[in-house]
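Here's the letter readout for the chains.
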Amino acid sequence: MSQTRILDVQHDDSFQKSEWRIQRVGWAVWIAIVIAALAGLLGTGPLSHADSTASDESLSVQYDRFLHYHKPAVLEVLVNSRARDDQPLRLKVSQSFLDSIQILRIEPEPVEQSLSADGVVYTFPQDGASQLRKILVHFEFEDFGMCKGRVELIGGGSVSFQQFVYP
Amino acid sequence: MESILRGAATYLFVWLIFRLAGKRTLAQITTFDAVLLLIVSETTQAALTDDNNSFTNSILLILTMLGLDVALSHIKLRFPSVEKVMDGVPLVILDSDGLKQDVMDKERVNKEDVLHAARELQGLANLEEIQYAVLEQTGDITVVPKQG
């Protein structure tokens, strides 16, 4: 004959049921985070990509709305320089944006940089051949949270944009 | 300060994710589980150090995470309810009524897992020789054989 022994174990059925409920909610949040990341709400992706154009269409900026702290990113500045192909291009980047980032490199390289009251003015030579100039600013954020930027074509329009940087 | 906050946030996040993943997540150490664990630790390391490979940063991170672990073990001893939340509770998955299939389904345990533990730990051949099987907080299955 087999003897029945008492099992001394600290089980707690009501706690376990609560744990399973919380676990299911946690899994739903988990899946939601992965879907949001695929969509681009937690970094680069389709919903992250954005562009902003100046009212006079002289300037537009392509950027990612959501970025990661210290991850290299690119700001693509498109300048429609039709009316100004005899002068060098001068772009002003707002100081508040420059305070949050570290610029890794600018393509093409500016020939001159000068300080202004609320930003830095970068000067690029014009070859006169192309009407649309593309300038790539490679950078990484050194702050996290909401970051506002502004790029202005001296003698033309300006564009403002916002980026959220995850820690 | 950043190292301490980073260490504490990583500790809490890793705890949360493994609690959500369930008891059995890393208890079944297959070759793939072991590799996955290594990948998770590598990824965590990158987030922890954030290019700061200084000796001071490493020391601060170790102090923070081991310190949290020791502090929590004291709190768990004093407050059993905290231990339940942090570590979960053991679950009886086989008793005199037989296998508790609903509990096993929720914890992703099957009959083969119970038999495996019975063979490995007690040298038992079938379910009839088991009086109790318990899924422990660690994710391991322990078995109490019938006496007779």
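Structural data are supplied above this passage.
The present account deals with the structure reproduced in this document. It should be emphasised that the depicted structure is a prediction, and the values quoted were computed from it without experimental measurement.

## Remarks on the interface of chain A and chain B
Part 1: Taken together, the contact pairs 19 residues of chain A with 18 residues of chain B.
Part 2: Here the residues of the side of chain A that touches chain B sort into seven nonpolar, nine polar and three charged.

## Side note on the sheet that holds strand β1 (residues 91-95) of chain B
Residues and elements named next belong to chain B.
Part 1: The strand order across the open sheet built from four strands is β2-β1-β3-β4, with neighbouring strands paired in antiparallel fashion. Here the strands that pair on one side only, and so sit at the sheet edges, are β2 (98-99) and β4 (141-145).
Part 2: Together, β1, β2, β3 (130-135) and β4 form the strand contacts of helix α6 (residues 111-122), whose direction differs from that of β4 by roughly 65 degrees.

## Observations regarding the pairing of strand β5 (residues 89-94) of chain A
Residues and elements named next belong to chain A.
Part 1: Taking every second residue as pointing to the same face, the buried face of β5 carries L89, L91 and V93, while none of R90, K92 and S94 on the other face is buried.
Part 2: Note: β5 against strand β10 (residues 145-153), three bridges, orientation antiparallel. By the bridge assignment for β10, V93 is matched with V151.

## As for the sheet that holds strand β11 (residues 158-166) of chain A
All names here are of chain A.
Part 1: Spatially, β3-β11-β10-β5-β8-β7 is the arrangement adopted by the six strands of the open sheet, whose pairing is mixed. Each edge of the sheet is formed by a strand with only one pairing partner; in this case those strands are β3 (66-68) and β7 (112-116). Mean inter-strand twist for the sheet, computed between neighbouring axes without regard to direction, equals 30 degrees.
Part 2: Relative to β11, β10 runs antiparallel, the two being bridged by eight bridges. By the bridge assignment, G149 is partnered in β11 with F161.

## Observations concerning unusual backbone geometry
Residue and element names in this part refer to chain A.
Part 1: Cis rather than trans, the peptide bond between E107 and P108 has omega equal to -10 degrees.
Part 2: Here P108 shows up in the loop between β6 (101-107) and β7.
Part 3: The phi angle at E57 is positive, at roughly 60 degrees, despite the residue not being glycine.
Part 4: Position of E57 relative to the elements: it lies in the loop between β1 (49-53) and β2 (59-64).
Part 5: In this structure E57 comes out as exposed when scored by C-beta crowding, with 10 C-beta atoms within 10 Å.

## What to know about the packing of helix α1 (residues 2-21) of chain B against helix α2 (residues 31-49) of chain B
Residue and element names in this part refer to chain B.
Part 1: For the pair α1 and α2, the least separation of the axes is 9 Å and the interaxial angle reads 150 degrees. What the angle tells us is that α1 and α2 run roughly antiparallel. When the axes of α1 and α2 are compared, the crossing they make is right-handed. Contacts between α1 and α2 involve R6, G7, T10 and V14 on the former and, on the latter, T44, A47 and L48.
Part 2: For the contact of α1 with α2, a count of residues per class yields three nonpolar, three polar and one charged.

## Some remarks on the nonpolar core
Part 1: Core analysis: the largest hydrophobic core is formed by 23 residues, its most contacted members being V61, L75, V77, V79, L91, I135 and V151 of chain A.
Part 2: If you look at the next biggest cluster of nonpolar residues, it comprises 13 residues, including L94, V109, A118 and A133 of chain B.

## Some thoughts on the environment of V9 of chain A
Part 1: The topology assignment puts V9 of chain A in the segment before α1 (13-39).
Part 2: The class of V9 of chain A is partly exposed, set by 14 C-beta atoms lying within 10 Å.
Part 3: In this structure, the C-alpha to C-alpha distance between V9 of chain A and F124 of chain A, residues 115 residues apart in sequence, is 75 Å.
Part 4: In this view, V9 of chain A contacts P90, V92 and V134 of chain B; residues no more than four positions away in its chain are not counted.

## A word on the environment of F161 of chain A
Part 1: Structurally, F161 of chain A can be placed in strand β11.
Part 2: With near-sequence residues (within four places) excluded, F161 of chain A lies in contact with S52, V61, Y63 and G149 of chain A.

## Structural notes on the packing of helix α3 (residues 55-78) of chain B against helix α4 (residues 80-87) of chain B
Residue and element names in this part refer to chain B.
Part 1: At their nearest, the axes of α3 and α4 sit 5 Å apart, and the two run at 125 degrees to each other. Of the possible angle classes, the one that applies to α3 and α4 is oblique. Facing L72, I75 and K76 of α3, the residues of α4 in contact are V82, E83 and M86.
Part 2: Split by residue class, the contact of α3 with α4 holds four nonpolar, no polar and two charged.

## Focus: α2 of chain B
Part 1: Spanning 19 residues, α2 of chain B covers 27 Å between terminal C-alpha atoms, matching the ideal 27 Å at 1.5 Å per step.
Part 2: After α2 of chain B finishes, the residue D50 of chain B shows a positive phi value of roughly 50 degrees.

Parameters at a glance
- Residues numbered from 1 in each chain as written.
- Chains lettered and ligands numbered in written order.
- Predicted model: local features only at pLDDT ≥ 70, side-chain atom pairs only at ≥ 80, totals over all residues.
- Contact = placed C-beta atoms within 7 Å.
- Nonpolar A, V, L, I, M, F, W, Y, C, P; charged D, E, K, R; others polar.
- Pairing = 2+ DSSP bridges.
- Helix = DSSP H or I, 4+ residues; strand = E, 2+ residues; numbered from the N terminus.
- Axes fitted to C-alpha atoms, helices over the stretch in contact; angles between N-to-C directions.
- Buried ≥ 20, exposed ≤ 12 C-beta atoms within 10 Å, placed from the backbone.
- Parallel < 35°, antiparallel > 145°, perpendicular 65-115°, else oblique.
- Left-handed = near helix turned anticlockwise from the far one by under 90°.
- Core = buried A, V, L, I, M, F, W, Y, C linked by C-beta atoms within 7 Å.
- Expected span 1.5 Å × (residues − 1).

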